[in-house]
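Descriptive analysis of the structure
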Amino acid sequence: KRRIGVMTSGGDSPGMNGAVRAVVRMAIHKGCEAYCIYEGYDGLVKGGDMIKAVGWEDVRGFLSEGGTLIGTARCMEFMQRNGRLKAAKNMITKGMDALVICGGDGSLTGADKFRAEWPGLLQELVDTKQLTQEQITPFKHLNIVGLVGSIDNDLSMTDATIGCYSSLARICEAVDSVDTTATSHQRAFVIEVMGRHCGWLALMAGVSTGADFIFIPESPPSENWQDEMCSVIKKHRAMGKRKTIVIVAEGAHDQDLNPIKPSQVKDLLIKKAGLDTRVTTLGHVQRGGTPAAYDRMLATLQGVEAIKAVLDATPETPSPVICMIENKIVRRPLLEAVAQTKEVAKAIENKDFARAMELRDAE
Ligand code: F6P
């Protein structure tokens, strides 16, 4: 029986538990044994009780739970070869040669590196007498399959990452709440949302709540954005609007890559637009709570596909990442998706914002 491990890694996101549930149950359905690896790569490196065989019932109730019930961690040890050597030993000891990882691009890149090093790691374990040749022989190849769990929706080649729609819903609820108090007092609110290098949450929240102005990293505002923002807002006020909402992505910056901070926007709104202004930072509220229906569905369909991908894999197949493109669950080469994601970051770094937007549009 094949033994397939599943783990969550990097920042948690709503829907990760649904992915774990689907992977475990599909693995069992296909006649394999499922293992949960607790606390991300930390568990893989530590082994022992951190890697446990799980049955159908062990994931009951996972679908509607937020966060990740099997834990996640940022593991420095796995970044070092020695950590990966320990991880390989633990996998062989448990009889596992396939891993499904739900995490962000960093976690998935680490996994692919592990796969590339796998034969060398096993040989080293034999050479240093930690394992015997007989022990490693059945496990020549390591299969890695990625599922993208991130509220930021920041991976290229997929329309949605697991968690992004839950987070967007949470942001919209929060902005709606702010709206009522803002309208009562005719105030302006500057709302900071997450998204590191990706403006998807800010952009979609702006569209979904009818914000007056947004700031996103991929498309910084014009050089005289201060005047532009104030004139747009004054125009809206002149049309009878009693509230003002400005959404700032946490990674927002101007054309020279100087950060645009909510406090700075607030000061401008007070001084230049004469508005009574407050700042609301939504923080980790955006990442917590129960998953939206879309994320439960996405996680389930992608978890099922991940097991199919493990079972279809040949030594030549590059590690896939499971994506959603135009409402279809598809596999894409993991490294290509990561490389395209990095290209966006590079375009921003090089101040080539047209290219950054072009790459995001192409997704
Ligand atoms: O999950 C991604 C993300 O939400 C980013 O948008 C944010 O910058 C980051 O996580 C914060 O994560 P942490 O507080 O876990 O370092």
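Keep in mind that this is a model prediction, so the values were computed, not measured.

1. Topic: the overall build of the chain
Secondary structure summary: the chain contains 12 helices and 11 strands in total. Its C-alpha atoms give the chain principal-axis dimensions of about 80 × 40 × 35 Å. Long-range pairs, those at least 24 residues apart, make up 75% of the contacts in the chain between residues at least 6 apart in sequence.

2. Comments concerning the nonpolar core
Grouped together as the largest cluster of nonpolar side chains are 102 residues, with contacts concentrated most on Val-6, Val-20, Val-23, Val-100, Val-193, Leu-201 and Ala-202. Considering every element that reaches this core, the biggest residue donor is helix α1 (residues 16–29), with eight residues. With residues near it in sequence (within four places) discarded, Val-23 still touches Val-6, Ala-34, Val-100, Gly-303, Ala-306 and Ile-307.

3. What about the pairing of strand β8 (residues 244–249)?
Among the six residues in β8, six count as buried, and that is most of the element. Side-chain alternation along β8 places Thr-244, Val-246 and Val-248 on one buried face and Ile-245, Ile-247 and Ala-249 on a second face that is also buried. The sheet contact formed by strand β6 (residues 188–193) and β8 spans six bridges and is parallel. Note that in β8 the partner of Val-190 across the bridge is Val-246. Strand direction decides the pairing type here: strand β7 (residues 213–215) and β8, joined by three bridges, are parallel. What sits directly across from Phe-215, in β8, is Val-248. Handedness of the crossover is the feature at issue here: the chain leaves β7, passes through helix α8 (residues 225–238), returns alongside β8, and the resulting connection is right-handed.

4. Considerations on the sheet that holds strand β11 (residues 328–333)
Sheets are built from strands paired through backbone hydrogen bonds, the pairs being either parallel or antiparallel. Strand order in the open sheet made by the seven strands is β3-β2-β1-β4-β5-β10-β11, with mixed pairing throughout. The sheet terminates laterally at β3 (51–54) and β11, the two strands that pair on one side only. Adjacent strand axes in the sheet meet at a mean angle of 30°, parallel and antiparallel pairs treated alike. With four bridges connecting them, strand β1 (residues 3–8) and strand β2 (residues 33–37) associate as parallel partners. If you follow Val-6 over to β2, its bridge partner there is Cys-36. Along the sheet, α1 contacts β1, β2, β3, β4 (98–103) and β5 (143–148); its crossing angle with β1, the most-contacted strand, is approximately 175°. Against the sheet, helix α4 (residues 105–127) makes contact with β4, β5 and β10 (320–325), and its axis sits at roughly 160° relative to β4, the strand it touches most.

5. Brief notes about the site of the ligand
As a matter of local geometry, the ligand sits amid Gly-11, Ser-150, Ile-151, Asp-152, Met-194, Gly-195, Arg-196, Glu-250 and Arg-287. For the shell around the ligand, the residue count by class is two nonpolar, three polar and four charged.

6. Section: helix α3 (residues 81–94)
In this model α3 runs 20 Å from its N-terminal to its C-terminal C-alpha over 14 residues, within 8% of the 20 Å that 1.5 Å per residue would give. Taken together, the buried positions of α3 are occupied by Gly-83, Arg-84, Lys-86, Ala-87, Ala-88, Lys-89, Asn-90 and Met-91. The elements touched by buried residues of α3 are α2 (41–46), β3 and α4.

7. Considering the UniProt feature "active site" (unreviewed entry) in the chain
As annotated in UniProt, the feature "active site" (unreviewed entry) corresponds to Asp-152 in the numbering used here. With respect to the helices and strands, Asp-152 occurs in the loop between β5 and α6 (164–185). Residue Asp-152 is classed as buried on the basis of its 27 C-beta neighbours within 10 Å. Beyond its immediate chain neighbours, meaning those up to four positions away, Asp-152 contacts Cys-164, Met-194, Gly-195, Arg-196, Cys-198, Trp-200 and Leu-201.

Conventions we followed
Residues numbered from 1 in each chain as written. Predicted model: local features only at pLDDT ≥ 70, side-chain atom pairs only at ≥ 80, totals over all residues. Helix = DSSP H or I, 4+ residues; strand = E, 2+ residues; numbered from the N terminus. Contact = placed C-beta atoms within 7 Å. Core = buried A, V, L, I, M, F, W, Y, C linked by C-beta atoms within 7 Å. Buried ≥ 20, exposed ≤ 12 C-beta atoms within 10 Å, placed from the backbone. Pairing = 2+ DSSP bridges. Right-handed = clockwise from strand over helix to strand, strands pointing away. Axes fitted to C-alpha atoms, helices over the stretch in contact; angles between N-to-C directions. Near = placed C-beta within 6 Å. Nonpolar A, V, L, I, M, F, W, Y, C, P; charged D, E, K, R; others polar. Expected span 1.5 Å × (residues − 1). UniProt positions renumbered as here; feature names shortened; annotations may be inferred.

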